[in-house]
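Each chain, letter by letter, is given below.
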Amino acid sequence: MKKQKLKAEKSKIKIYIIFTMILFISITLVKASIIDNSADADFSDPLEQCCIETNSGAQCQVVNPSECKSGKATGTKTCEQVTECKIGCCIDTSERTCSPQSLFSKCNLDNELIRWDNNNDCSEVSECIAGCCILGEKVEYITEGRCRKRTMEKGLIFNFKEGVEKTECLAIANSQELGACVLENKNCVFETIAECAEQKGTFNESLLCSNENLDTLCEKQYSIQCVEGKDEIYWFDSCGNRENIYDSDKDKSYNKGEILSKEDSCGFDKNNAGSKNCGNCNYDKGSICSSTEFGETSVDEGDFTCRNLDCGDIDRDYRENGESWCDYDGSVKFGTDVVGSRHWVKKCIDGKVEVEGCKDYRTEVCIQENTFVSFGKDGVVRKSSATCTPNRWNECMKISVNDYSNMAEGEAAMTDCIENPYCYVGYTSDFPGINEGDKGYPFLCLPNYPPGFNFNDTTSTNKDICGILTTTCDDSWCRTEEWTQQMNEICTSFGDCGLWPNIKGIVPPDPNIILNGESISMPYRLFIKTYANPKLAKAIGAVFSFGEFAKIAIDGGDMLMILNFFKAKNKEIIVFGPGEGRQTIPPTKAGWPDVPITACHPELDVESCAQYIGSGSGGSEVSFSCRPWRPPKIGGIVGGCEKCNEDPDKPCTQYRCSSIGRTCIILNDNLENPVCVQSVDDKQAPDIFKGKIENHYSFENPIPNEEIDIEYEERSDRCVPEFTTIQFSLKTNEYAQCKWDFEEKDSYDEMSEYFNEGEDFAKEHELNFSMPSIWTFENEGELLGDLKTWFANTKIHVRCQDHHANGRDYIVNLCVNSAPDIDVPEILNYNPESGSYFAYGENEKDLTIYLNEPAECKYSNDPEIDYDSMSNSMDCKTKLNDWKTYGKEIGWPCSTTLTGLIEDENIFYIKCKDKPWVKTQADITKYEERNVNTDDFEYILYNSESKLKIESVSPQNEITVRTAPVSVDLEVITSGGMDNGKSICYYSKRKDSLGFQLGAENSNIHSTTLSILEEGEKIIWIKCEDEAGNIDSENSTLNIKFDNEAPIIVRAFQEGGNLKLITNEEAKCYYDFTNCDFDLENASSMTTAFDKTHFAEWNLGKTYHVKCEDILGTSSSGCAMIIEPSKLELK
Amino acid sequence: MKNMKKRKRNVGNLLKQKKGQVTIFIIVAVVIVVLSVLIYMFYPKIKGNFSFYEKNPSAFIHDCLEKEIKDSAIRISEQGGSISPEHYFIYDDKRVEYLCYNEEYYLTCVVQQPMLYNHIESEIKENIKEKAKTCFEDLENTYKGKGYAVDLKQGEMNVELIPKKIAISFNSTLTLTKGKTETYKSFNIFVKNNLYELVSIANSIVEWETTYGDSETTTYMNNYHDLKVEKKKHTDGTTIYILTDSNTGNKFQFASRSLAWPPGYGASEVYVSQLT
């Protein structure tokens, strides 16, 4: 009985040790997996440079020199300073055509007729300004020079209207005066007066060629036809001339041989689709002239019809021609997009629904706007318009990342998050588990549309993004499934992380790691499947609409801020307390509940809540690690991968295909409809063999595909030292996933630990392995015997499997040093770094150091003082589980506040002593003496020389521009602080909001280009901060004024022998004596510089045709004024 | 009675004979028509009676070059403006040239072919020049064969895209002498094709791409009712634009890569280091 009890006890101990070690090591591994080396953190390749032409023929790209054609590398990091890569306006002076955004090297300047201008978009090049060129009945939107050329070719009179937009130009085409041009021999052509003049005919405005009074050969209403460029069905006479719009009432249509306008024709402003009697089709109303096809009704006089361009009822919405709307693969918003999904824009074009995909991986999302049109019989009629826009998830992460030093800043940031359509507010810092410790975020701002991940990319940081949500919690509620679900839902908001369905509704195994908590149950898994069904998800999505109301747990502190915030937003709040139970507080309620409210889940009833009230660990800490989503095994599901090919309107892509199953591959992805198929299973498990191992360690006794030993070369017993991270790798002959465990398990899924690459498929699998000392374990409890044996013969069981789950087992054997610890503690990291600066005027600074083992530390202002004589103790965490992460590593933290900081240099001397549990002589006998540093660790802090100061912000005051949007170059110059003004600056439209980064970091000149759409006063708030924490803030007031009006001449009179003009704004005026159709460049100027007064010689016999142009280049299309001095009659 | 029967029989025989003749005539007529059609289709040189060209050498050159011009236009249209694209994306088994491109993420593209009209004109010119030379040689030989003394001075060829047409002009002089002398200065041929209009739209789209990284295509379709603009976005950030004139079926397609975003968090390590 006793033996059995002892055995049971030892088993429990073993399990406890294993779990603790697993926790310790797994955290090490997870954290170590974040960015292997610092080079990866700098994502710009230092070798990349501007290449004038790449091997693939691309012009002016920043690439690795190996991708550059011979002789085309420039040696510069950007292309902006390379002459050949300058961007500007390339002008063909012979054709009078202009190409904006053109490369200098492609401008063909060898041709003397081609010239270059630095103006990027050609907007300030006078010969590039396009206008409406009227060429008879047709129009072209081209430059003036090209218009002259065209006109000459056609033998027409030059007619060019500048200052006209393209759409206006098209409208002009439809308003040309037409008429019957009677030629010799009674022939007649229906055309414009200009065309008629060219043919030397007699023009009869507004008459048809078949008009009886004209006595032509043309008989009326001979046939009907569509006309190119027109929507309607027209009558044609026997000469082939167009007459009026078709109407079965012939006389009405004929209109006595005169032109009948569209407005006066039958069925004006109606669709007339399918009408037998009226051919007044209207594209804007959804119809156009077309030859009749099978099933369509033609008009009485011919095989033509007004074809209905509307798409009719689509998903219970009537869709008109030109309308567009969003379509989704499943649920959207609040982080619910399913894995593999893409956003789509559907458009009704010419009676057909066209589907256009937004960019894959949800790098673009579909945004729809509904415009009210009218009240129809079935309710409100709306027309929708949708477009793909870039998914600005990074703005949400930026808001989450920032530290908020006060409530106002946090509140402003929360407003930014709510108002950003790409973001939503997640949870508050008091939610159990989401406690970032020192940072203390008031909330999480999460992407509304999580970005999609490339599952095949093993080097990306995506897995690290999921890993951000790795947290521990010892609140009792954290042991409920509800907590796990909530954590999972935050996890899935980061991207393709966590447990979530794919586009086919398949929910793969849960990739998250939950220790000591409740795992996800089947009902929840079944529930989340519904998110893959867009219609169903809409109906129930509101339940998880965290943006609509806050399910928050309140615990003093931030309560007031959060409650006030949501009250201001007119949102109700659900709070929970033991006395009153769950209650919903409407925003209008005056006062707040005065019962103590503690953390509890809003969905729980009072009794359940009472169980969880009051924190207290009551057991081991619960840990949740968010992991990347992994495609399911498609296995024996018939046609599993091929499901991706089902909808030809939504072609399969690499992302969609790989989301369906891990063995799905995409073929023909450069064709219009690629196919997704199952890859072939070779039924072979991957071979496993040794990889790399770091110095001082070696692989020994390998048995291929079975096992291998790791030995430490520096010790006689070859055992690896404790508290030391060993990095080694195993290799497989094909891409495989590998996991490991201290215990032998039956299957891959049962194994608990991942290699560094996580769930990714790789050929090399790295592991960072570290063990604490056996004595550390002993300190946590009375543990001996089994543990020593275990330390002496540690087995790491490995299993690797390929895409088709063909797996193989492998064992790595090693022993861990269990000898007494004789090494002194080591400081692994300082935060802030030694040699850093503190803010000007500060006289104290918080310091945290991280040690390689549990230890106690002290510091002094004087060097070489014994540890025991040092007077300043640091606050150190010494339990085995007290380790913390810093960057990629872990260590045991010690913290303090360094005070009495002076100007210039401040040096502190630190020493540490390990084995803090050794207190008595008996302890010393057992664990040996404590090891203490004899040499000091030196820590230095420098003072900032002065405050950080924003020296200037430009521009300030008024800016006048022609049209919206206007680009404003915002520039801020800083000085002082830690390093001559080098800092990072942000700008925002709100005082307490951090806003957006302004220019580069670590510079004293910060600039960016703002795009402003509206007129009026704009205040821009600027805040700058350097690395030492010196801060300054400032604001800039801009008054944007739009001026697209040409200058007006307000007075014209004679003065001292001159003609004097006064304009309403500063301008330059020019005159010509002939007409208003003159070039400013060649005309006589009345002004030397921009001014409001203008002079010209007084010449009685002449007529002055005057044009004026303001500073922005705006001038009227014709004359501003025509002046005859003899009469001083102003026209 | 007998006579009547005999007469009837004779008449019947006669009728039968006549029916048979008619049948034969019909068959022969059909054969002649079919043969004529076949000859017309497969022997194009016979299409036009040379007497038509005798007074219209431009028409000869037009008919000689027309197919080559059309084929060039089609090939160029399918490949983003080039006969042999250098920098392209493979779409639907065709090499579609990038008119606007940036290798990097988060940046708008750089226009790769700024003078697109000029480029297409020179591509067409380059592609048809050999054939044009042959056509003029044929023309010369044909006239000589008809007994003319021919003096042909071959000049420059100019290709221009104009509204609804491709205009090819030859600055060549042809002097024909047969009795009297006739001189033809310059040869102008026009082939119907609305490449001009489609390239204009393409230029406009490229302007959008280079400024905003994308374009709103519905506007073009609202302004030009016969135009269809399709946009196909690919995983690597490339967008293929396909412009189609629904009246003529003419198509112009090109590739663009602008403001591409990597999947997931890509190069956003800054967020990782700040949050951990």
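Residues numbered from 1 in each chain as written. Chains lettered and ligands numbered in written order. Predicted model: local features only at pLDDT ≥ 70, side-chain atom pairs only at ≥ 80, totals over all residues. Heavy atoms only, no water.

(A) Here's a closer look at the sheet that holds strand 10 (residues 188-192) of chain A. Residues and elements named next belong to chain A. Pairing is antiparallel across the open sheet formed by three strands, whose spatial order is 10-9-11. The open sheet has two edge strands, strand 10 and strand 11 (202-205), and neither has a second partner. Strand-to-strand twist across the sheet, computed as the mean angle between neighbouring axes with direction ignored, equals 35°. One ladder, built from four bridges, connects strand 9 (residues 178-182) with strand 11; its direction is antiparallel. (Pairing = 2+ DSSP bridges. Helix = DSSP H or I, 4+ residues; strand = E, 2+ residues; numbered from the N terminus. Axes fitted to C-alpha atoms, helices over the stretch in contact; angles between N-to-C directions.)

(B) Unusual backbone geometry, seen in detail. All names here are of chain A. A cis geometry characterises the amide bond from N831 onward to P832, with omega recorded as 5°. By secondary structure assignment, the location of P832 is in the loop between strand 42 (827-831) and strand 43 (836-838). A cis amide bond links S954 with the next residue in sequence, P955, at an omega value of 0°. One can find P955 in the loop between strand 52 (948-954) and strand 53 (957-961). Within the chain, K200 stands out as a residue other than glycine whose phi angle is a positive 60°. Here K200 shows up in the loop between helix 5 (193-199) and strand 11. Of note, the phi angle at Y361 is positive, near 60°, even though the residue is not glycine. Within the secondary structure, Y361 sits in the loop between strand 21 (352-357) and strand 22 (364-376). Take Y361: its relative accessible area is 3%, and that puts it in the buried class. (Buried < 20%, exposed > 50% of the residue type's maximum accessible area, 1.4 Å probe, protein only.)

(C) Quick peek at the packing of helix 3 (residues 57-78) of chain B against helix 4 (residues 116-145) of chain B. Residue and element names in this part refer to chain B. The N-to-C vectors of helix 3 and helix 4 enclose an angle of 155°; their axes lie 9 Å apart at closest approach. Considering the angle they form, helix 3 stands roughly antiparallel to helix 4. By crossing handedness, the relation of helix 3 to helix 4 is classed as right-handed. Classifying every residue of the contact of helix 3 with helix 4 by side-chain character gives 15 nonpolar, three polar and four charged. (Parallel < 35°, antiparallel > 145°, perpendicular 65-115°, else oblique. Left-handed = near helix turned anticlockwise from the far one by under 90°. Nonpolar A, V, L, I, M, F, W, Y, C, P; charged D, E, K, R; others polar.)

(D) Summary view of a negative patch on the surface. A cluster of acidic residues, E903, D904, E905, E938 and E945 of chain A, forms a negative patch on the protein surface. By the element assignment, E945 of chain A lies in the loop between strand 51 (937-943) and strand 52. (Patch = residues over 30% accessible without salt bridge, like charges linked within 9 Å, V, L, I, M, F, W, Y side chains within 5 Å. Areas by Shrake-Rupley, 256 points an atom, 1.4 Å probe, with all protein chains shown as cover. Salt bridge = Lys/Arg side-chain N within 4 Å of Asp/Glu carboxyl O. Lys, Arg positive; Asp, Glu negative; His and termini not counted. Charge placed at Lys NZ, Arg CZ, Asp CG, Glu CD.)

(E) Representation of the confidence of the model for chain A within the structure. All names here are of chain A. Mean pLDDT over chain A stands at 78; residues scoring 70 or higher make up 79%. At the low end of the mean pLDDT range in chain A sits helix 2 (residues 38-41), at 27; at the high end sits strand 13 (residues 233-236), at 95. Low confidence marks residues 429-433, where pLDDT is under 50. Its contacts with residues over four positions away, or in another chain, come to 22 contacts. Here residues 585-618 is a poorly scored stretch, pLDDT under 50, and it has 64 contacts once near neighbours within four places are set aside; other chains count. (pLDDT = per-residue confidence, 0-100. Contact = heavy atoms within 4.5 Å.)

(F) Region of the structure containing the packing of aromatic side chains. Applying the stated criterion across every chain, the model contains 29 aromatic pairs over all chains. Judged by centre distance (5.3 Å) and plane angle (55°), the rings of Y1071 of chain A and F1073 of chain A are tilted. You can call Y1071 of chain A buried: its relative accessible area is 13%. A centroid spacing of 5.2 Å and a plane angle of 85° characterise the contact between Y143 of chain B and Y148 of chain B, whose relative ring orientation is edge-to-face. We note that Y143 of chain B, like Y148 of chain B, is buried. The cationic tip of K86 of chain A hangs over the ring face of F104 of chain A; the distance from NZ or CZ to the ring centre is 5.0 Å. (Phe/Tyr/Trp six-rings, centres within 6.5 Å; stacked < 30°, edge-to-face > 60°. Lys NZ or Arg CZ within 6 Å of the ring centre and 35° of its normal.)

(G) View of the sheet that holds strand 12 (residues 223-226) of chain A. Residue and element names in this part refer to chain A. Pairing in this open sheet of three strands is antiparallel, and the strands run 12-13-14 from one edge to the other. Two strands close off the open sheet at either side, each with one partner strand: strand 12 and strand 14 (242-245). Averaged over all neighbouring strand pairs, the angle between strand axes comes to 40°, with direction disregarded. Sheet analysis places strand 12 next to strand 13, joined by four bridges and oriented antiparallel. Each residue of the ladder has a partner; that of Q225, found in strand 13, is Y234.

(H) Spotlight on the interface of chain A and chain B. Contact with chain A, which involves 83 residues of that partner, is made by 61 residues of chain B. Of the roughly 6200 Å² buried where chain A meets chain B, counting both sides, 54% is carbon and sulfur surface. At the surface where chain A touches chain B, the tally comes to five salt bridges. One salt bridge connects K149 of chain A with E160 of chain B, and the closest N-O pair in it is separated by 3.5 Å. For the interface between chain A and chain B, the tally reads 16 residue pairs in polar contact (both at pLDDT 80 or more). (Buried area = accessible area lost by both parts, 1.4 Å probe. Polar contact = N/O pair within 3.5 Å; in protein donor to acceptor, adjacent residues only side chain to side chain.)

(I) How the structure looks around the pattern of salt bridges. Summed over the entire model, instances satisfying the criterion amount to 47 salt bridges over all chains. The salt bridge involving R148 of chain A is made with E144 of chain A; its shortest N-O contact spans 3.1 Å. Of the two residues, R148 of chain A and E144 of chain A both sit in helix 3 (residues 144-154), four residues apart, roughly one turn of that helix. For R148 of chain A, a relative accessible area of 37% gives the class partly exposed. Residue classification places E144 of chain A among the partly exposed positions, given a relative accessible area of 21%. What you see here is one network of salt bridges that share partners, running through K347, E356 and E364 of chain A together with D214, K231 and K233 of chain B.

(J) Region of interest: the state of the cysteines. Residue and element names in this part refer to chain A. For the coordinates displayed, the defined rule picks out 33 disulfides over all chains. The disulfide partner of C90 is C107, and the S-S distance across this bridge is 1.9 Å. Between C90 and C107 the disulfide shows an S-S torsion of about 100°. By sign, it is right-handed. Here C90, found in strand 3 (residues 87-92), pairs with C107, found in the loop between strand 4 (97-103) and strand 5 (114-117); they are 17 residues apart in sequence, far enough to count as distant. Looking at C90, the relative accessible area reads 0%, which means it is buried. Take C107: its relative accessible area is 0%, and that puts it in the buried class. One disulfide bridge connects C1069 with C1108, the sulfur atoms lying 1.9 Å from each other. Sign of the S-S torsion, about 105° for the bond between C1069 and C1108, identifies this disulfide as right-handed. With C1069 in strand 61 (residues 1058-1072) and C1108 in strand 64 (residues 1104-1110), this residue pair connects regions lying 39 residues apart in the sequence. You'll find C1069 and C1108 in the same group, each marked buried. (Disulfide = S-S within 2.5 Å.)

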